[in-house]
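# Close look at the chain arrangement
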Amino acid sequence: MSLNKTDKERVKAFWSKVAGKADAIGAESLARLIVVYPQTKTYFAHWKDVSPNSPNVKKHGKTVMGGVADAVTKIDDLKGGLLSLSELHAFTLRVDPANFKLLTHCILVVLAAQFPADFTPEVHVAMDKFLAAVARALAEKYR
Amino acid sequence: MVVWSEQERSIINSIFASLDYDDIGPKALCRCLIVYPWTQRYFGGFGNLYNAEAIQTNPNLAAHGIKVLHGLDRAVKNMDNIKATYAELSVMHSEKLHIDPDNFRLLADCLTIVIAAKMGSAFTPEIQATFQKFLAVVVSALGKQYH
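What you see is a predicted model; the values in this text were computed from it and never measured.

This paragraph deals with the overall build of chain A. Looking only at helices and strands, chain A features 7 helices and 0 strands. Beginning at the N terminus, the succession of helices and strands in chain A can be written as α-α-α-α-α-α-α. The globule rule puts the C-alpha radius of gyration for 143 residues at 15 Å, and the 15 Å found for chain A is close to it. Projected onto its principal axes, the C-alpha coordinates of chain A cover approximately 45 × 35 × 20 Å. A burial count over chain A gives 47% of its 143 residues as buried. For chain A, contacts bridging at least 24 residues in sequence account for 76% of all contacts bridging at least 6. Once the 20 positive and 14 negative side-chain charges of chain A are each reduced to a mean point, those two points are 3 Å apart.

As a note on interpretation, predicted positions should not be read in detail where pLDDT is low. Per-chain confidence: chain B averages 96 in pLDDT, with 100% of residues scoring 70 or above. Among the scores for the predicted complex, ipTM is 0.88 and pTM is 0.93.

Another aspect to go through is the pattern of salt bridges. By the definition in use, this model includes 14 salt bridges over all chains. Residues A:Asp76 and A:Lys8 are paired through a salt bridge, measuring 2.9 Å at the closest nitrogen-oxygen approach. Of this pair, A:Asp76 sits in the loop between α3 (55-73) and α4 (78-81) while A:Lys8 sits in helix α1 (residues 5-18), placing them 68 residues apart in sequence. Assessed through its relative accessible area of 60%, A:Asp76 is described here as exposed. A salt bridge links B:Arg105 to B:Asp102, with the nearest nitrogen and oxygen atoms 3.1 Å apart. With B:Arg105 and B:Asp102 both in helix α8 (residues 102-119) and 3 residues apart, this pair spans about one turn of that helix.

It is worth spelling out the interface of chain A and chain B at this point. Listed by partner, the interface residues are 19 residues for chain A and 20 residues for chain B. Summed over both partners, the interface of chain A with chain B buries about 1700 Å², with 64% contributed by carbon and sulfur atoms. If you look at where chain A meets chain B, you find 0 salt bridges. The interface formed by chain A and chain B contains 7 residue pairs in polar contact (both at pLDDT 80 or more). Per-element tally for the side of chain A that touches chain B: the top contributor is helix α6 (residues 98-114) of chain A, with 6 residues.

The next point concerns the side chain of A:Thr104. Residues and elements named next belong to chain A. As for its position among the elements, threonine 104 is in helix α6. Residue threonine 104 is classed as buried on the basis of its relative accessible area, which comes to 10%. In contact with threonine 104, other than residues within four places in its own chain, are Asp128 and Leu131.

Now for helix α7 (residues 121-139) of chain A. For an α-helix the count is 3.6 residues per turn, leaving residues at separations of three or four pointing the same way. An ideal rise of 1.5 Å per residue puts 27 Å on 19 residues; α7(A) measures up with 27 Å between its terminal C-alpha atoms. The element α7(A) is largely enclosed, with a buried count of 14 among its 19 residues.

It is worth spelling out the layout of surface pockets at this point. If you add up the space inside the largest pocket, you get close to 960 Å³. Lining of the largest pocket is provided by 30 residues; of these, A:Lys101, A:Asp128, B:Tyr36, B:Arg105 and B:Asp109 occupy positions nearest its centre. Listing elements by their share of the lining of the largest pocket, those giving two or more residues are α6 and α7 of chain A together with α8 and α9 (125-143) of chain B. With 7 residues, the single largest contributor to the lining of the largest pocket is α6(A).

Cut-off values and rules
- Residues numbered from 1 in each chain as written.
- Chains lettered and ligands numbered in written order.
- Predicted model: local features only at pLDDT ≥ 70, side-chain atom pairs only at ≥ 80, totals over all residues.
- Heavy atoms only, no water.
- Helix = DSSP H or I, 4+ residues; strand = E, 2+ residues; numbered from the N terminus.
- Rg over C-alpha atoms; globule rule 2.2 N^0.38 Å.
- Buried < 20%, exposed > 50% of the residue type's maximum accessible area, 1.4 Å probe, protein only.
- Contact = heavy atoms within 4.5 Å.
- Lys, Arg positive; Asp, Glu negative; His and termini not counted.
- Charge placed at Lys NZ, Arg CZ, Asp CG, Glu CD.
- pLDDT = per-residue confidence, 0-100.
- Salt bridge = Lys/Arg side-chain N within 4 Å of Asp/Glu carboxyl O.
- Buried area = accessible area lost by both parts, 1.4 Å probe.
- Polar contact = N/O pair within 3.5 Å; in protein donor to acceptor, adjacent residues only side chain to side chain.
- Expected span 1.5 Å × (residues − 1).
- 1 Å grid on protein atoms, 1.4 Å probe; cavity = no way out; pocket = protein on both sides within 12 Å on 5 of 7 lines; lining within 4 Å.
- Points joined across faces, edges and corners; volume = space filled by probe spheres on them.

Quick look at the structure:
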């Protein structure tokens, strides 16, 4: 299920529309992740405040979405482009890769809620494939 | 036994009370067939599913989407016993329709996204959590009678 030319064009076109709101999208996606899938809070036990509106969540959501934005620019070689991020996730963060799917779902929900007209089924499938490819690239170094 | 708070019951009832079945049903089913194309395997007799446009304008699919969405009504009315309520439907989906139960989850995800698009910021994280809990119980019940 790799990205074809049409997928990449759709991702880039849609991303150019939403990039301006990336920080807010990231914050909301992460907030939804910890509310809808409370088990994900285990990765943030070192934060005093893990509530969805906390400054930590907002800041971290921005960081994560920054990674997604970067991935869009590296869409032609995600494995190579995200190599150091993969090493970070594999050796330092050790986030169970199952959680990438959960965050992907939350990102798609936020995109649908904030851009209902632009988030057509065709854009949806392209973004889903893209985020799945990003997840695969991030899991590359795990074992 | 699934436990529902008063707030969760209220959220689910409110979503379904204001639901436009004729709009949301077709949108959810069509999105499922477009985003997860392998689900088209169950719709061989429905006519042209050749591309996204064909899927979205197929009248058979639209009618079926409405039917499937109304299928959730019984769960809304029997939230404390969804498993028993759907026992027969589960047998039907297994023995007659031969649907891989993983597909129920895919359709549930598409429905969540269509509702999110409709409700916008009103689809808060808490409401999303409740809605997904409800759909997870439905999906589990529909898969229960497979053997």
